[in-house]
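# Examining the three-dimensional arrangement
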Amino acid sequence: MADSVSLIEPLASSDQKIFRFGVYEADLRTCELRKFGVRLKLQRQPFLVLAVLLERSGDIVSRQELQSRICSTESFVDCDNVLNAAIAKLRSALSDDSSNPRFVETVARLGYRFISPVTVVAFDDGGAVQDNGTNNGTLPATAEAARPAAGLGPRLHLVPPRIAGVMVALVALAALFLLLRIYLSHHGGRLLGGSGQQIRSLAVLPLENISSDPDQDYFADGMTDELITNLAKIKSLRVISRTSVMRFKKTTIPLPEIARELNVDAIIEGSVTRVGDKVRIRAQLINAAQDEHLWAASYESTLRDILGVQAEMAQKIADGVQIELTPQEQRSIAQVPRPSVPQAYEAYLKGRYFFNQWTADGFKKSCPWFEETIRLDPSYPLGYSGMADCYSALTSAGLQPATTAMPKAKAMAQKALELDDTLADGHGALGTILLNYDWDWPAAYAELQKAVELNPNNLETHFRLASYFRTVGKVDLAAQELQLAQKLDPVSFRTHSTLGWLYLYAGRYDDAEAYLQEGVALGPDYPYDHFGLFKVYDHKKDYPQALAELQKFLAIQKLTGIAEGVDKMYRTHGYQRAKRYYFEQYLAQDLKKKAISYFIASDYAALDNKEKALDYLELAYRERSNYMNQLKVHSYFDNLRSEPRFQQLLKELNLQ
């Protein structure tokens, strides 16, 4: 059997080396594969295959030769399966894709070939370095040749004259290319890859926390967010939002596949190491279509200087994709607000870490950290904008009354802009407050437009601007903003769901159905898209489908009692009575837990109790509920629109 296969050592102890390729290195002395210096789990057989391929880098190695290196002759009959498994495990460890390989290429009917550039470091018996050359398909531009990657032939000390001439020509050509690149970069030119493709979109994959402390995940996520935020300021570059890239945290999916799913030209991946106040960030930029490394760097810094490092990285990445920044973009990236106390930035990162969980519990946990940020550094504007977002989120979640929290939120947003009026987060936070609480539509629009100008790739700002357009009844403009958001957040259910609900509120049921179905496909455990589909099918009089979606909603909410009652009522009295039973039960539940007044109003409207629905809408108005800005475009209240009290509410909201 395969597990009885004996192994043959690939190298003698006197001829051991380290091979470096991309962010990986294979140490033949210890049989270890490392990524960013961290050891990866790789069994011995796939490592031996890797060692042979590296020794013969650029050459085709037959399956028979690989089998002879990893299997003994008496078990050769089982070695086909052993080799197949070893190749699969090796590709998995390298996050490689057999259909679009970066490292191990399958050559049909012949064998395998290692295709990535390789740097070789050899050691003598005492461990001293003997050579340090690069095998990348070209000859080294030195008077002495590096040792051949195969490591099997005699050492060459001199380069033959003909080879030396070729080397000189290659060096001259490389110098000419460098001069051309410098010239073009100073004259607005663009250098293209082999396919002529320009890079106009990229995704920053979650930077890997390779610190010994797993509690530093928040710090690695914060560094990812900071890099995304800086790159998002470049208008001509589409940068995928954190919500879409976070699903690829610790993934083994090959980079080309991730790029296809996110619809981007390039990928950034890397790692963060933190020990005390010392931070190291390693990152590389990869052209997904060409599978080509465009840029790679390692930065070491202290916590105090880390934001300067982030700004430099963003500039270098822009250079790597050959995008010429406008003067405003250069200033915006360079002038990132920096706290005078490093611990304040750390507190801010923890606040954002919890806030970005987008749960009521996460919002509650984020507030103390933003407060701590302000306490440690009262001059740091992001602490105030974070606190403004926190108060707004607590209000939306029904955890604090709007009349208590929103004035505090407004004061925090204004303080952030007093400290830095170029802060996109501050303008976005203030615009949201003006929209949801002050109901000052022109002022809200001005602030949200300013936020978009300062950070055109900010996902939340597009959502907020869409909310403004929906509020004033411009549904098509709201949809345009959400479609822009969809390009920044392509694999998250949130944008599809929000588009579906926009069309549902507007009474455009076919469009609502299409987007809500997409939302369900991307986020099947999100209950409210099923409820939206229930409303769609109810309007279309597709009652069996409506009932099925309502039951899915109740199942996810774990409202077993109501679900059983709906089913029983449907079987005994039909759909309309079952639907009414549901709303009666849900209303009773909302009243018992003192739910948001606007939601109770929608329950009464569904039961066609107009007076009670209007009572609770007027209460929501007095409470200054942030949901009141939905009133102009909300199909739930269509049966109230002709009522004088409803028209008076629209008038007081300046929405007639």
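Structure shown above.
What counts, and at which threshold
- Here the residue numbers are simple positions, counted from 1 along each chain's written sequence.
- Restriction of local features to residues with pLDDT of at least 70 applies here, the model being predicted, together with a cutoff of 80 or more for giving and counting side-chain atom pairs; totals for whole chains, interfaces and linings are based on all residues.
- Calculated side-chain values reflect all of the structure's heavy atoms, with hydrogen atoms and water omitted.
- Helix and strand definitions here come from DSSP, where helices need a minimum of 4 consecutive H or I residues and strands a minimum of 2 consecutive E residues; each element is numbered from the N-terminal end.
- Only protein chains enter the accessibility calculation, which uses a 1.4 Å probe; a residue is then buried when its area is under 20% of its type maximum, exposed when over 50%, and partly exposed in between.
- We call two residues in contact when some of their heavy atoms are within 4.5 Å.
- Only the protein chains shown count as cover for residues, and all accessible areas are computed by the Shrake-Rupley method using a 1.4 Å probe.
- Disulfides are defined as pairs of cysteine sulfur atoms found within 2.5 Å of each other.
- Angles shown run from 0 to 180 degrees and are taken between the N-to-C directions of axes, each axis being a line fitted to C-alpha atoms and, for helices, limited to the stretch in contact.
- Throughout, the term roughly parallel applies to angles under 35 degrees, roughly antiparallel to angles over 145, roughly perpendicular to angles from 65 to 115, and oblique to all others.
- For a crossing to be left-handed, the near helix must be turned anticlockwise from the far one by less than a right angle; the clockwise case is right-handed.
- The nonpolar class holds Ala, Val, Leu, Ile, Met, Phe, Trp, Tyr, Cys and Pro. Asp, Glu, Lys and Arg form the charged class, and all remaining residues, Gly among them, are polar.
- We call Phe, Tyr and Trp rings a pair once their centres come within 6.5 Å, taking the six-membered ring for Trp, and we label the pair stacked below 30 degrees between planes, edge-to-face above 60, and tilted otherwise.
- Placement of a charge over a ring requires the Lys NZ or Arg CZ to be within 6 Å of the ring centre, with the centre-to-atom vector within 35 degrees of the ring normal.
- Criterion for a salt bridge: a side-chain nitrogen of Lys or Arg within 4 Å of a carboxyl oxygen of Asp or Glu.
- Of the two site types, the cavity is a set of points on a 1 Å grid over the protein atoms alone where a 1.4 Å probe fits but cannot get out, and the pocket is an open set with protein on both sides within 12 Å along at least five of seven lines, each lined by residues with an atom within 4 Å of a point.
- Grid points are joined across faces, edges and corners, and a volume is the space filled by probe spheres set on the points.
- By definition, two strands form a pair when at least two bridges between them are found by DSSP.
- Among the buried residues, those of types Ala, Val, Leu, Ile, Met, Phe, Trp, Tyr and Cys that are joined through side-chain atoms within 4.5 Å form a nonpolar core.

## Re the overall build of the chain
Helices and strands together make up the secondary structure of the chain, namely 26 helices and 15 strands. Here the chain holds 656 residues, and the buried ones make up 51% of them. For the chain, the share of sequence-separated contacts (at least 6 apart) that also reach a separation of at least 24 residues comes to 58%. Within the structure as shown, the chain displays about 29,800 Å² of accessible surface, and the carbon and sulfur contribution to it stands at 52%.

## Some points on unusual backbone geometry
Backbone geometry at Lys250 places phi at a positive 60°, although glycine is not the residue there. For Lys250, the location among the structural elements is in the loop between helix H6 (242-245) and helix H7 (255-262). Note on Lys250: relative accessible area 70%, which makes it exposed.

## Considering the state of the cysteines
When the sulfur atoms of two cysteines share a covalent bond, that bond is a disulfide. Overall, the coordinates contain one disulfide when judged by the stated rule. Residue pairing for Cys367: its cysteine sulfur links by disulfide to Cys390, the two sulfurs lying 1.6 Å apart. Taking the sign of the S-S torsion, -60° for the link of Cys367 and Cys390, the bridge is left-handed. One end of the pair, Cys367, is in helix H11 (residues 360-376); the other, Cys390, is in helix H12 (residues 381-396), and 23 residues separate them in sequence. Cys390 carries the same exposure label as Cys367, and that label is buried.

## Here's the deal with the packing of helix H18 (residues 493-505) against helix H20 (residues 527-539)
The contact between H18 and H20 brings their axes to 11 Å, and the two run at 30°. Between H18 and H20, the interaxial angle falls into the category roughly parallel. For the pair H18 and H20, the sense of crossing is left-handed. Where H18 abuts H20, its residues Phe493, Ser497, Trp501 and Leu504 lie against Tyr528, Asp529, Phe531, Gly532, Lys535 and Val536. Grouping the amino acids of the contact of H18 with H20 by side-chain chemistry returns six nonpolar, two polar and two charged.

## Comments concerning the packing of aromatic side chains
Tallied over the full model, the rule gives 37 aromatic pairs. Note on Tyr24 and Phe103: the rings are 5.5 Å apart at their centroids and 85° apart in plane angle, and the pair reads as edge-to-face. Of the two residues, Tyr24 is situated in strand S2 (residues 24-27) and Phe103 in the loop between helix H3 (79-93) and strand S6 (104-107); the sequence distance between them amounts to 79 residues. Each residue in the set Phe493, Tyr526, Tyr528, Phe531, Phe534, Phe553, Tyr582, Phe583 and Tyr586 is aromatic and connected to the rest through ring pairs, giving one cluster. Above the ring of Trp439, the side-chain terminus of Arg624 is found at 4.1 Å from the ring centroid.

## Some words on the pattern of salt bridges
Scanning the model with the defined rule gives 38 salt bridges in all. When the shortest N-O distance is used, the salt bridge between Asp538 and Lys579 registers 3.2 Å. Taken together, the residues span a long stretch of sequence, with Asp538 in helix H20 and Lys579 in helix H23 (residues 575-592) at a distance of 41 residues. The partner of Arg645 in a salt bridge is Asp615, and the shortest N-O contact between them spans 2.6 Å. On the criterion of sequence distance, the pair formed by Arg645 in helix H26 (residues 644-652) and Asp615 in helix H25 (residues 610-622) is long-range, its members being 30 residues apart. Residue classification places Asp615 among the partly exposed positions, given a relative accessible area of 36%. A cluster of three or more residues bridged by salt bridges with shared partners is formed by Arg20, Glu25, Asp27, Arg29, Glu32, Arg34 and Arg39.

## Thoughts on the layout of surface pockets
Considering only enclosed or pocket space, the second largest pocket measures out at about 720 Å³ in volume. Residue lining of the second largest pocket: 34 residues in total, with Lys35, Ser95, Glu208, Lys250 and Thr251 positioned closest to the centre. Looking at the lining of the second largest pocket, the elements with two or more residues in it are strand S4 (38-40), H3, strand S11 (208-209), helix H5 (217-231), H7 and strand S13 (266-275). Looking at the lining of the second largest pocket residue by residue, the class counts come to 15 nonpolar, eight polar and eleven charged.

## Let's talk about the pairing of strand S7 (residues 111-114)
Inspection of the sheet shows strand S5 (residues 60-62) paired to S7 by three bridges, in the antiparallel sense. Each bridged residue has a counterpart across the sheet, and for Ile60 the counterpart in S7 is Arg113. Direction of pairing for S6 relative to S7: antiparallel, over a ladder of four bridges. Across the sheet, Val104 pairs through a bridge with Phe114, a residue of S7.

## Side note on the environment of Asp361
Residue placement: Asp361 occurs in helix H11. Here Asp361 falls in the partly exposed class, since its relative accessible area comes to 41%. Residues Asp361 and Leu394 lie 33 residues apart in sequence; the distance between their C-alpha atoms is 9.7 Å.

## Focus: the sheet that holds S5
Within the open sheet, the three strands sit side by side as S5-S7-S6. Their pairing is antiparallel. In this open sheet, the two edge strands, each paired with only one partner strand, are S5 and S6. The sheet shows a mean angle of 35° between the axes of neighbouring strands, taken without regard to direction. Against the sheet, helix H2 (residues 63-70) contacts S5 and S7, and its axis sits at roughly 65° relative to S5.

## A look at the nonpolar core
Core analysis: the largest hydrophobic core is formed by 156 residues, its most contacted members being Leu202, Leu231, Tyr582, Leu617, Leu631 and Phe637. One finds Leu83, Ala93, Leu94 and Val118 within the second-largest nonpolar core, a separate group that totals 36 residues.

## Description of the environment of Gln630
Residue position: Gln630 is located in the loop between H25 and H26. Gln630 gets classed as buried once you look at its relative accessible area, which sits at 10%. Remark: the alpha-carbon pair of Gln630 and Gly473, spanning 157 residues in sequence, is separated by 9.1 Å. Residues in contact with Gln630, not counting those within four places in the same chain, are Arg470, Tyr505 and Tyr598.

## Regarding the pairing of strand S10 (residues 201-204)
Looking along a regular strand, one sees the side chains alternate between the two faces of the sheet. Taking every second residue as pointing to the same face, both faces of S10 are buried, with Ser201 and Ala203 on one and Leu202 and Val204 on the other. In this sheet, strand S12 (residues 238-239) lies alongside S10 in parallel orientation, the contact comprising two bridges. Of the residues in S12, the one forming a bridge with Leu202 is Val239. Here three bridges tie S10 to S13, and the two strands are oriented parallel to one another. The partner of Leu202 across the bridge, within S13, is Ala266.

## What about the side chain of Glu346?
Residue placement: Glu346 occurs in helix H10 (residues 342-355). A relative accessible area of 16% means that Glu346 is categorised as buried.

## Points about the side chain of Asp97
Structurally, the position occupied by Asp97 is in the loop between H3 and S6. Setting aside its immediate chain neighbours within four residues, Asp97 contacts Pro254 and Arg260.

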